[in-house]
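The residues making up each chain are set out below.
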Amino acid sequence: MNLGVRWTLHGDGRTPAPGAVVRPDERLTWPRTAGLGAQHVVAMFGASFVAPVLMGLDPNLAIMMSGVATMIFLLATRGRVPSYLGCSLSFVGVAAAIRAGGGDSATVTGAVFVVGAALFLAGLAVQRFGARIIHAAMPPIVTGAVVMLIGFNLAPVTASTYWPQDQWTALLVMLFTGLAVVCLRGFLSRIAIFLGLLFGYLLSWVLDRVFGMINSPTAEGKVTDHWRLDLSGVGKADWIGLPSFHGPSFEWSAILVALPVVIALIAENAGHVKAVGEMTGDSLDDKLGTAIAADGAASMLSTAVGGPPNTTYSENIGVMAATRVYSTAAYWAAAGFALLFGLCPKFGAVVAAIPGGVLGGITVILYGMIGLLGAQIWINAKVDLSNPLNLVPAAAGIIIGVGGVSLKITDDFELSGIALGTIVVITGYHVLRAFAPAHMKKREPLLDAGTSTYDSDSGSEPGSGSGSDGSGAGSGGAQVKR
């Protein structure tokens, strides 16, 4: 059985010829392959650092399970789809909403486990019936609206939780990260979020030394004197050890809040597979269903042990575009490095110590880029917003999702925010379509036509929001990671 774990040496294994590409089934020498793997790990670090912290989950476990998820994905796609699976930022708003409703980490991972199962089933359906089944249920107007309301629903988290902890640090980190995203080129632009975190760490340390403690709200909302950067937990952490595991807990209210993210994940995977196929010159349409199912299975495994869900990372597509090395051997090396990082509690303590003000500056950009992904999906699919059939359900659903409008069903159950907004967009579109006149029913391009493009010559992504999904989630169509 071909599992895609055998590679032929490309040329002399040292330097590809000018204009040549290293295909997925080829590799360079193992030391060079390991170096490329380390580069892929650095590229995904920004979003994979931030996402579990924002979701209230163990960053060590997140990094470890991203390595496991990548291995599952590479085996499932038989090594034809070079990709790294990192922690998805699409679930940050879901986690915040669930915790605001009284849920804990087990409730979050239980809800997300169900999303992973739904994604797995969606992948099997695509594999059996083709991508048109996705388009029938979720045309670009629906997909874009759901992605947009998921991203913009996060705005109150930044405004009320992170930014107030240290507003001046947040402002400076926001400015630095914005400059890094726009002004840096090549690989550095791909790790702009990571560079923003490093800048924020250093800035917080300097401000503590110069001005002393700050009097501001903590993450729990209590106003007190505290250090901006508290590294006390780092000194107490071991160098080697297992991350903390926990089982999922299933609650219908949390599951309904999380399920809409399936739409965003399908869009991410579809855009990712299409983009990789265009770069490698290998049509991967036959692997779209497998890729979606593999992502779902990997997310189920991760959340079953207390980790976050995973998705394909556009930061790593950017690395491939810049290096023209598409070898899946490099991704196996990256997955191995991630496993090693996951076994270092001291590394997790460093991540957990990220100051709230730093997260405030990062998330202002990050959350906005996640929301604007929805607009990019509309633009790429040439969605006509002058058509009332598109405009009305999208407008209503976005306002409900962003504003936190609620609909009380019983004394113990209500729909609100992301869940209610998504239901309004999907059902509203299909109900209105059933009654709309024929001239309003023009079909838009298929979702699997891709949601982003990549410039393989420059290694930069047109309209890229970061070096990720959106960062971890950047602004590329396949980019919400996160």
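Residues numbered from 1 in each chain as written. Predicted model: local features only at pLDDT ≥ 70, side-chain atom pairs only at ≥ 80, totals over all residues. Heavy atoms only, no water.

Identification of the protein as Nitrate reductase from Streptomyces jumonjinensis is taken from an unreviewed UniProt entry. One UniProt comment on the protein, placed under Sequence similarities (unreviewed entry), says "Belongs to the nucleobase:cation symporter-2 (NCS2) (TC 2.A.40) family." (UniProt positions renumbered as here; feature names shortened; annotations may be inferred.)

A. Representation of the nonpolar core. One finds Leu54, Met55, Ile266, Leu366, Tyr367 and Trp378 to be the most contacted residues of the largest nonpolar core, which totals 104 residues. By residue number, the principal contributor to this core is helix α13 (residues 261-280), which donates twelve residues. Taken together, domain 1 (23-381) and domain 2 (384-441) each give at least three residues to this core, which thus spans both. With near-sequence residues (within four places) excluded, Tyr367 lies in contact with Leu54, Val92, Gly151, Leu154, Val157, Thr158 and Tyr162. Residues Val22, Leu28, Leu36 and Val325 belong to the second largest nonpolar core, which totals five residues. (Core = buried A, V, L, I, M, F, W, Y, C linked by side-chain atoms within 4.5 Å. Buried < 20%, exposed > 50% of the residue type's maximum accessible area, 1.4 Å probe, protein only. Helix = DSSP H or I, 4+ residues; strand = E, 2+ residues; numbered from the N terminus. Domains from an automatic or database assignment. Contact = heavy atoms within 4.5 Å.)

B. Seen up close, helix α10 (residues 192-211). When the terminal C-alpha atoms of α10 are compared, their 27 Å separation across 20 residues agrees well with the 28 Å that a helix rising 1.5 Å per residue should span. Restricting attention to buried positions, one finds in α10 the residues Ala192, Ile193, Phe194, Leu195, Gly196, Leu197, Gly200, Tyr201, Leu203, Ser204, Leu207 and Asp208. In the stretch just after α10, Gly212 is the one whose phi turns positive, near 80 degrees. (Expected span 1.5 Å × (residues − 1).)

C. Expanded view of the side chain of Asp295. The residue Asp295 is located in helix α14 (residues 288-304) in this model. Residue classification places Asp295 among the buried residues on the basis of a relative accessible area of 0%. Dropping the residues within four chain positions of it, Asp295 is found in contact with Phe73, Leu85, Leu119, Asn269, Asn310, Thr311 and Thr312.

D. Spotlight on the environment of Asp225. By the element assignment, Asp225 lies in strand β5 (residues 223-226). Sequence separation of Asp225 and Asn215 is ten residues, and the distance between their C-alpha atoms is 4.3 Å. Other than its neighbours up to four places away in sequence, Asp225 contacts Met213, Ile214 and Asn215. Here the side chain of Asp225 touches Asn215 through a polar contact of 2.9 Å, side chain to side chain. (Polar contact = N/O pair within 3.5 Å; in protein donor to acceptor, adjacent residues only side chain to side chain.)

E. Structural view of the pattern of salt bridges. A full pass over the atoms with the stated rule returns three salt bridges. Salt-bridge contacts for Asp166 lead to Arg228; the nearest nitrogen and oxygen are separated by 3.2 Å. Remark: Arg228 occurs in the loop between β5 and α11 (232-236) and Asp166 occurs in the loop between α7 (155-162) and α8 (167-183); sequence separation between them is 62 residues. Of the two residues, Asp166 and Arg228, neither departs from the other in class, the shared state being buried. The network of salt bridges with shared partners includes Asp166, Asp208 and Arg228. (Salt bridge = Lys/Arg side-chain N within 4 Å of Asp/Glu carboxyl O.)

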